Amino acid sequence: MARVWAAFVPTPRIPPSEWAETKRYISARSAEMWGKFEWTMVPQLRAVLDAFNEPGVRGVRVQKGSQGGYTESILVNLLGYIIDVCPAPILVMFPKADKGKEFNLERFEPMIEVTPCLAEKVPLKSREKGITQLFKVFAGGWIKFVGSHTPDAVKSSSARYVFVEEPDDCETDVKGQGRTVKLIRERLKTYFDTMSVMGGTPTLEGLSAIADEMLLTDQRKFFVRCNHCGHAAPLVWENVKWRSDETVTHPVYGHALPETAAYECDGCGVLWSPSEKDNNIRASCDAQAAGEPGVGWLPTAPFTGLAGFYMSDLISLFPGAALPELVKKYLEAQHQAAAGDNNALVEFYNNQLGLPFRFKSPVPEIEELEQRAEAYEEFTVPWGGLRLTAGVDVQGDRLAVKVVAWGRGEESWRVFAGEIYGNVVDHSDPVWDELEEFLFREYRHVSGVDMYIECMSIDASDGNTSDAVYHFARKHKAHGVIAVKGASDGGGEIFRVPKPVDPNSRSKASKYGLQVYMVGTEKAKDLIIGYGEFGGRLKLSELREIGGERVTVTGTGPGRMHWYRGIRGDWFKQITSEVKAPMKGRPRNKLYWQVKQGVRNEFLDCEVYALHAARKLRINLMSDAAWSAYEQRIRQPDMVTMAQLRAQQEAADQAARDAAANIRSGDAEPDAEQDSEMNTAAATEAAPGEAPPSASAAATPAAGAGGAKAVPAVKPKRAPRQDPLAVALLGGGRSSKQPAAPSADDSPWM
């Protein structure tokens, strides 16, 4: 009867640290120090574990070094505590499922086997129903170990408790569904009184998932009290000191003497020996446990329901984290960095200091970019802008659009940056009609001349939206719309000649008769953003002498980038949204552009695509004479009268109507070969250095050439798209080289 009654009486909710100390055992399979669990070597982690039961706390985040005792003292203890004291479904996510299997065999099952209160509750044998290496059941709940690489594993179950091991190593975007670290939080929605625990080593500043999570917490740091002056402060690497001896030269350490390492107190300047530092840490733990204020774990930010803890080897008591050992690792990393290899230095900051490593970035601060905005209106092309391209990035529910004007030396002006929302998967959705309006609308030059987009590069890399993209590109191929994808490795030239269309290929692009242009995104972003100590076009400036002083100013000239004052506010964040740094799973000696945590990058991608479109037009290869011809047409808009041009437009409209009537009556047939790649290239490109066509040639209607071919009818709203004023004044190679009879699918210019 007593046994039955005990089954219905819940175990008292003692603090997790007390449960670990009184009930938990460590297996000889898991650690060198086996037997009853003790806090002797990790007293600073006791308060971290007890934050699990702290009133108001709904989540714990730990940013740590690599070997500080977190897994055994926090993760494993909490799992055992939940199973014994407050059973409920538990979900534990690892970067890979194999890591979950390793954890089960090396940590979890050994704990269950040697801890009596758990052994009787958690069956481990595979013959038990539903028991696997990744799934266990117990009275009141279950525990599942999942990998972050598949969305099904992350989204398959709901749980009251969610744990994430090493968030920085988890998948950043699983099949376009977002970061798994954020997806797994959704598993808590169906439960009350939930808890999420994440612990991991950070990687790179701006890219670290755990560092991003820590910004949401109260950011607690461990304040260590000095035994000399009583001052308490967090331990920082800058206060670690060591002596040098000019008579000693080590091949790695140089004149430094790591064995002399000590810690300098912030308050009195006294140097603590390694053993004195450790004693001060233990004393600070005891003082916090006794309720003394101003010592131990203290918050440094407002509390928002998440408790965050910064842990480094400086507060570790393990022998491998002694000050002389840390100095040796630091000097070794510095030695390798001097030889050009920063990997060891990155690892030191991550694994020993528990800090994300910051790569030097030449990108100006957002405030500086905002101050550089110029006084011209949206949809207006300032002086210097002579040709227009557009870049379009396709997202699941919107199109990001950027229109850029180009001048000599690829100097550029942002003319528009915005988004169009809609169902981009459906090629008949109005969102594509709105994009079409951007393609064919007039963009007014400050001289009063209307300009038009000559080339538009649109992202076709997403398999879910590529059909709609190809449909749009096929429809407007003759108007300079091209489908693009980022090169798989991001390398190569920004613009490269695409492969010919293979009629036997089963690819989507081939079905639409399209070539897909591969974009060298790495080189494009190198040019735009820059990396290391080398500034890109965002930073581009020059030294001038003003008032007898040499000052750095931005201005006009080759490569300069300009933007208008009314540009949307998030453009500045997005254009600086990526950092060039090592990438997991890639060669360690190379750097790759990666999106910062929590920042969108569509407008940066649009910038890349607009640059690609400019390279498609060979703007970077244009001769001075060609630019002069464009400038002449901008500055002398009276060379062809408006009346003449409008008369020519009306004649072109009438020719189109006559041709349509002929087709309907069977007097003429459209040219079946009109939209070949050769004709399209001729319609959208001029040879490098070639001046634009003359006004008279450019204004000649393309329809019904010689009476042999005719143009099918098009909707009236498309008539202005081939404005002869823009053709006559700006050239661009459109009308004079337009195929004689484009098909209805290609939506011809008129």
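Below, the structure is looked at part by part. Computed from a prediction, not measured in an experiment: that's the story for all the values here.

The next thing to look at is the sheet that holds strand β24 (residues 516-519). Either a parallel or an antiparallel arrangement is found when strands of a sheet pair, and the pairing is made through backbone hydrogen bonds. In spatial order, the strands read β24-β23-β22-β17-β18-β19-β29; together these seven strands make up an open sheet with mixed pairing. The open sheet terminates on both sides in strands that have one partner only, identified here as β24 and β29 (561-562).

What follows deals with the packing of aromatic side chains. All chains considered together, the criterion is met by 29 aromatic pairs. Relative to Phe-357, the ring of Tyr-349 lies with its centre 5.6 Å away and its plane at 75 degrees, an arrangement referred to as edge-to-face. The class of Tyr-349 is partly exposed, set by a relative accessible area of 27%. The class for Phe-357 is buried, based on a relative accessible area of 10%. Between Trp-432 and Phe-472 the ring centres are 5.5 Å apart and the planes differ by 35 degrees, which places this aromatic pair in the tilted class. Note that Trp-432 is positioned in helix α14 (residues 430-440) and Phe-472 in helix α15 (residues 466-475), a separation of 40 residues in sequence. Accessibility classification places Trp-432 together with Phe-472 in one group, the buried group.

It is worth spelling out the packing of helix α2 (residues 16-23) against helix α4 (residues 70-85) at this point. Helix-helix packing is characterised by the crossing angle of the two axes and by the distance between the axes. Put simply, α2 and α4 touch, their axes get as near as 10 Å, and they point 90 degrees apart. The angle between the axes of α2 and α4 places the two elements in the roughly perpendicular class. For the pair α2 and α4, contact is made by Pro-16, Trp-19, Ala-20 and Lys-23 and by Asn-77, Leu-78, Gly-80, Tyr-81, Asp-84 and Val-85, respectively. Each residue belonging to the contact of α2 with α4 can be placed in one class, and the counts come to six nonpolar, two polar and two charged.

The next thing to look at is the sheet that holds strand β13 (residues 271-272). Taken in spatial order, the three strands make up an open sheet running β11-β12-β13, and their pairing is antiparallel. In this open sheet, the two edge strands, each paired with only one partner strand, are β11 (240-244) and β13. Along the sheet face, helix α11 (residues 323-338) touches β11 and β12 (256-264) and points at about 120 degrees away from the line of β12.

Turning next to a negative patch on the surface. Taken together, the side chains of Glu-365, Glu-367, Glu-368 and Glu-370 present a region of like negative charge at the surface. By the element assignment, Glu-365 lies in the loop between α12 (343-352) and α13 (366-371). Judged by its relative accessible area of 51%, Glu-365 falls in the exposed class.

With that settled, consider helix α19 (residues 602-616). Under the 1.5 Å per step criterion, the end-to-end length of α19 is 21 Å for 15 residues, consistent within 8% with the ideal 21 Å. Across the 15 residues of α19, 15 count as buried, placing the element largely inside the fold.

This part covers the pattern of salt bridges. Using the criterion set out here, one finds 35 salt bridges in the structure. Across the pair Arg-225 and Glu-292 runs a salt bridge whose closest N-O atoms are separated by 2.8 Å. With Arg-225 in strand β9 (residues 220-225) and Glu-292 in the loop between α10 (274-289) and β14 (296-299), this pair connects stretches of sequence that are 67 residues apart. Asp-605 is paired through a salt bridge with Lys-525; the nearest N and O atoms lie 3.8 Å apart. Residue Asp-605 is located in helix α19, and its partner Lys-525 is located in helix α17 (residues 521-528); the two are separated by 80 residues in the primary sequence. In terms of burial, Asp-605 and Lys-525 fall into one category: buried.

The rules behind each value
Residues numbered from 1 in each chain as written. Predicted model: local features only at pLDDT ≥ 70, side-chain atom pairs only at ≥ 80, totals over all residues. Heavy atoms only, no water. Pairing = 2+ DSSP bridges. Helix = DSSP H or I, 4+ residues; strand = E, 2+ residues; numbered from the N terminus. Phe/Tyr/Trp six-rings, centres within 6.5 Å; stacked < 30°, edge-to-face > 60°. Buried < 20%, exposed > 50% of the residue type's maximum accessible area, 1.4 Å probe, protein only. Axes fitted to C-alpha atoms, helices over the stretch in contact; angles between N-to-C directions. Parallel < 35°, antiparallel > 145°, perpendicular 65-115°, else oblique. Contact = heavy atoms within 4.5 Å. Nonpolar A, V, L, I, M, F, W, Y, C, P; charged D, E, K, R; others polar. Patch = residues over 30% accessible without salt bridge, like charges linked within 9 Å, V, L, I, M, F, W, Y side chains within 5 Å. Areas by Shrake-Rupley, 256 points an atom, 1.4 Å probe, with all protein chains shown as cover. Salt bridge = Lys/Arg side-chain N within 4 Å of Asp/Glu carboxyl O. Lys, Arg positive; Asp, Glu negative; His and termini not counted. Charge placed at Lys NZ, Arg CZ, Asp CG, Glu CD. Expected span 1.5 Å × (residues − 1).

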